[in-house]
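# Residue-level structure breakdown
The lines below spell out each chain.
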Amino acid sequence: TGGEAHPLSTIDDYADDALAAVRFLQAQPQVNAAQLGLAGHSEGGIIAAMVAAKAPEAIQFIALLAGPGLVGIEVKTLQDAAARRADGLSERLVIANQQQERELFAIAASTLGHRDALAAMAAATEALPAELKSLLEVPREGIPNEALELLLTPWFRHFLALDPRTYLRQVKCPVLAIVGEKDLQVPPTPNLAAIKQALTQAGNRNVTVVQMPNLNHLLQTAQSGKANEYFLIEHTIAPDALALVSNWMQQTIKAQQIMAVKTKP
């Protein structure tokens, strides 16, 4: 993702880039500015919602492809738990990891300065009960600073604190949200529910939410959904997913054109 490649940037930076691309397209004579929409995958789903909220006059629809609907801390906690369960870890160990991670994530998501956040993480780790330390195999000297630093990049801190619902509640254009049944990075049930609730509570009635069977985070037909399976699957994206997105976009634009004709004086 962008965050891994550019840890000093944040989602705000990528949303600004996406909006600049939209403004560029609007200025092109060969582009129908009345039919511009955005499709974003994963983090890109958040960005699509951000741009649609910032520039509602420019965006006619957005498609959120495996995009999260929960605040970053929740997404990361659910993601890590799903991955550990898929790897066969005991539920006791999954819950223990969640207990430790949530505290560290909360510190990373806070407004503490880098040095204070690092110190708070070290203190939180030191304060863990002995039984939990043993279960998690925490080193006697504590978690190395190098490992904690990974939680304190600007991108990760911003992601953990960001709640996509803040932007989804401002989106008035048609929205398609799809997540694969076997998505371990953006677990489908809670994220799709959050997306739908945020949009509908804000009065958006043109919302299509789909959980697609047997698809992973990359919307590939998968066996386990685990990340190590991504590169073993021949197709880039499942044909059913492509067809769903393409047909929805075409139908959405067609409906908007009909509506525009009906409302002309």
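Note: the structure precedes this text.
Although it is not a glycine, A66 sits at a positive phi angle of roughly 55 degrees. Located in the positive-phi region is E137, a residue other than glycine, with phi close to 55 degrees. On the secondary structure map, E137 appears in the loop between helix 7 (130–136) and helix 8 (145–149). Taking relative accessible area as the criterion, E137 reaches 68% and is therefore assigned exposed.

The full count for this structure, using the stated rule, is four aromatic pairs. Aromatic side chains F105 and F156 sit 6.0 Å apart centroid to centroid with 75 degrees between the ring planes, which places their arrangement in the edge-to-face category. Of this pair, F105 sits in helix 5 (residues 91–109) while F156 sits in helix 9 (residues 154–161), and the two are 51 residues apart along the sequence. Assessed through its relative accessible area of 8%, F156 is described here as buried. Members of the aromatic cluster, each reached through a chain of ring pairs, are F105, W155, F156 and F159.

This part is about helix 2 (residues 11–26). Along its 16 residues, helix 2 runs 23 Å from first to last C-alpha, staying within 8% of the 22 Å computed at 1.5 Å per residue. Buried within helix 2 are the following residues: I11, Y14, A15, A18, L19 and V22. Taken end-on, helix 2 shows its buried residues confined to a sector of 140 degrees, consistent with a single buried face. Turned more than 90 degrees away from the buried face of helix 2, the exposed residues are D17 and F24.

Looking now at the nonpolar core. In terms of nonpolar packing, the biggest core is built from 51 residues, with I11, V51, I59, I62, L64, M121 and V171 touching the most fellow members. Broken down by element, the residue count for this core peaks at seven residues, all from helix 3 (residues 43–54). If near-sequence neighbours (up to four positions away) are discounted, M121 is found in contact with L104, I107, A108, L148, L151 and L152. Membership of the second largest hydrophobic core comes to 13 residues, among which are F61, A63, V245 and W248.

How each quantity is defined
- Per-chain numbering applies: the sequence of each chain, read as written, is numbered from 1 onward.
- The predicted nature of this model means local features are confined to residues of pLDDT at least 70 and side-chain atom pairs, given and counted, to a pLDDT of 80 or more, with totals for whole chains, interfaces and linings taken over all residues.
- Side-chain metrics rest on all non-hydrogen atoms present in the structure, leaving aside hydrogens and water.
- Segments assigned H or I by DSSP are reported as helices when at least four residues long, segments assigned E as strands when at least two residues long, and all are numbered from the N terminus.
- Relative accessibility thresholds used throughout: buried, under 20% of the residue-type maximum; exposed, over 50%; partly exposed, between the two (1.4 Å probe, protein chains only).
- Any pair of Phe, Tyr and Trp rings, taking the six-membered ring for Trp, is counted once the centres come within 6.5 Å. Such a pair is stacked with planes under 30 degrees apart, edge-to-face with planes over 60 apart, and tilted for the rest.
- Take the number of residues in a helix, subtract one, and multiply by 1.5 Å to get its expected span.
- Taking the helix axis as origin, the arc is that swept by the directions to the C-beta atoms.
- The criterion is simple. A nonpolar core is a set of buried Ala, Val, Leu, Ile, Met, Phe, Trp, Tyr and Cys residues joined through side-chain atoms within 4.5 Å.
- Contact between two residues is taken to exist if any of their heavy atoms lie within 4.5 Å; hydrogens are not considered.

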